[in-house]
Amino acid sequence: MRNNNQSNNLIKWAIIIGDFVILNALLIAFLAWDPKMHLWSFDKGNVFQVVCNLALAIGEYRFYTVIHLRLVSSADILRRIVLLVVTQTIAAYLILKTVDHHLAVGYALLRIGTVFFILLLLMRYLERFLVKFYRQSGGNTRCVTFVGSDPELLNLYTKLKEDPTLGYKIMGYYADEEIEGGADALIRLGTLKEFLEKQEHPEDLTLGDEIYVCLPRREKETIRKISQMCDQNVKRFYYVQVSLETIGINLKKEFVDDIEVYTTHENPLQNPVNKALKRLFDIVFSIVFLIPTIAFFPIIALLIKILSPGPVFFKQLRTGLDGQNFYCYKFRSMRVNQDADKVQATKDDPRKYPFGSFMRRLNIDELPQFFNVLRGNMSIVGPRPHMLEHTRQYSQLIDKYMVRHFVKPGVTGWAQVCGFRGETKELWQMEERVKRDIWYMEHWTIWLDIRIIWLTVRKIIFQDKNAY
């Protein structure tokens with residue numbers, strides 16, 4: 001594990017040093033070519049550069065990169081970039097004003113901070129790609145050993161192995177019985193008895209950097225001994241709950257005063273602060289988005305009127321927050337037809353007209369939904385609202401289908417950026433969409449919303465194959 005930690009630290013420090021290189025190259029460029037800054041004296045430029053580096057050191061101390069970690073989301077990377085740049089900019093401003101409160105550096109720091117953020121965003125994308133490629137090639141791996149034969153270990157094995165860029169290498173497992181349905185690549189290293197007997201001589205065991213133990217809780221003495229052995233040999237210990245001790249549903253811990261209770265679904269948006277933050281974000285984002293785009297609405301409306309007889313807007317009742325119905329608005333992309341409230345759009349749907357198909361490919365038909373957001377019956381990000389017929393149909397076929405209505409529906413959503421948008425030809429497609437909608441609800445953060453918006457924009461630019 002020591003070698004792996006050293007590799008991780010090398011990656012971390014290489015990226016931090018790279019941040020300083022980028023900042024200083026940016027400062028040199030601004031001091032040399034910026035219309036105002038190149039007029040500064042040599043001493044003022046030096047002080048400015050030193051303070052900016054000191055401010056970055058302060059930011060890096062608290063918000064250094066997490067790319068070297070294996071299980072890290074893009075949202076967390078983006079959040080840390082934002083906080084790093086904001087911290088660096090504010091710290092530099094405060095220090096410079098302390099040195100000389102007459103210095104007019106606010107606008108310069110704002111411009112540098114904006115460019116620095118963009119450059120860091122591009123570099124993190126490249127750095128993450130290089131780290132994943134390095135791990136996929138066999139470098140910076142972390143070895144894992146399982147103890148137990150419960151099927152939960154097989155699920156864990158699949159999750160760790162399905163993405164080789166995480167850099168996990170599974171050594172095998174110790175158990176008295178073979179894991180039922182175990183993969184051929186998952187090797188049984190010996191019995192549990194052999195594992196326990198050799199704890200005094202761990203060099204005789206095949207131990208990874210991390211030990212995942214999946215044994216019944218009644219074996220608490222055995223679990224305790226394995227935990228102690230891991231501590232003594234500097235191995236990370238993890239306990240995995242056996243499948244027979246679960247009750248078939250995911251329970252989340254909550255407190256009623258000092259009483260511990262469990263609920264089936266955790267929803268961060270039940271918190272009034274989170275709810276207010278999301279609503280504020282929805283309003284600000286919608287207004288900022290509509291200001292430059294609303295000028296195109298009359299042109300779009302005119303083209304729809306010329307190319308397809310009927311109304312400009314398509315208005316449909318859909319299921320929203322808490323299962324309440326609301327009218328969802330879109331630019332009409334199909335000819336007026338009697339199946340609009342019952343049948344999904346298909347790839348070669350005869351109901352579409354040419355300009356309608358063009359709008360659907362670029363998501364232009366969804367633009368009026370930003371007014372739904374301003375009215376409060378939709379959010380920028382959330383589960384996509386379904387027509388009433390589909391709610392009736394799938395609520396009877398999918399166990400947790402209605403859970404997705406604990407949050408407002410969205411213009412875009414986690415399921416859509418994960419590839420589950422458009423027509424659902426088979427039941428499993430809707431099941432996967434619902435799973436992702438519930439996952440979003442339970443893991444909501446404002447950073448996750450920003451990530452989903454970014455992924456949506458990327459799919460529009462690079463043309464989602466399911467956009468029809």
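The paragraphs below set out a description of the structure included in this document.

## Section: the environment of Gly413
Part 1: Inspection of the secondary structure assignment puts Gly413 in the loop between strand E11 (410-412) and helix H13 (414-417).
Part 2: Leave out the neighbours within four places in its chain, and Gly413 touches Val381, Gly382 and Ile452.

## Overview of a nonpolar patch on the surface
Part 1: Taken together, the side chains of Phe296, Ile299, Leu302, Leu303, Ile306 and Leu307 define a hydrophobic patch exposed on the protein surface, amounting to about 600 Å² of accessible area.
Part 2: Tracing the backbone shows Leu302 in helix H9 (residues 297-307).

## Here we look at the packing of aromatic side chains
Part 1: A full pass over the atoms with the stated rule returns 14 aromatic pairs.
Part 2: Ring centres 5.1 Å apart and planes at 25° place the aromatic pair Trp414 and Trp439 in the stacked group. Note that Trp414 is positioned in helix H13 and Trp439 in helix H14 (residues 427-442), a separation of 25 residues in sequence.
Part 3: Aromatic ring contacts, followed pair by pair, group Phe281, Phe285, Phe289 and Phe370 into a single cluster.
Part 4: Here Lys315 stacks its cationic end above the ring of Tyr327, 4.5 Å away from the centre of that ring.

## What to know about the pairing of strand E2 (residues 168-174)
Part 1: Judged by how many residues are buried, E2 sits mostly within the fold: five of seven residues are covered.
Part 2: The pairing of strand E1 (residues 142-147) with E2 spans six bridges and is classified as parallel. Residue pairing in the sheet places Val147 in a bridge with Tyr174 of E2.
Part 3: Both E2 and strand E3 (residues 188-190) contribute to a ladder of two bridges, which runs parallel. For Tyr174, the partnering residue across the bridge sits in E3 and is Gly190.

Definitions and limits used
Residues numbered from 1 in each chain as written. Predicted model: local features only at pLDDT ≥ 70, side-chain atom pairs only at ≥ 80, totals over all residues. Heavy atoms only, no water. Helix = DSSP H or I, 4+ residues; strand = E, 2+ residues; numbered from the N terminus. Contact = heavy atoms within 4.5 Å. Patch = residues over 30% accessible without salt bridge, like charges linked within 9 Å, V, L, I, M, F, W, Y side chains within 5 Å. Areas by Shrake-Rupley, 256 points an atom, 1.4 Å probe, with all protein chains shown as cover. Salt bridge = Lys/Arg side-chain N within 4 Å of Asp/Glu carboxyl O. Phe/Tyr/Trp six-rings, centres within 6.5 Å; stacked < 30°, edge-to-face > 60°. Lys NZ or Arg CZ within 6 Å of the ring centre and 35° of its normal. Buried < 20%, exposed > 50% of the residue type's maximum accessible area, 1.4 Å probe, protein only. Pairing = 2+ DSSP bridges.

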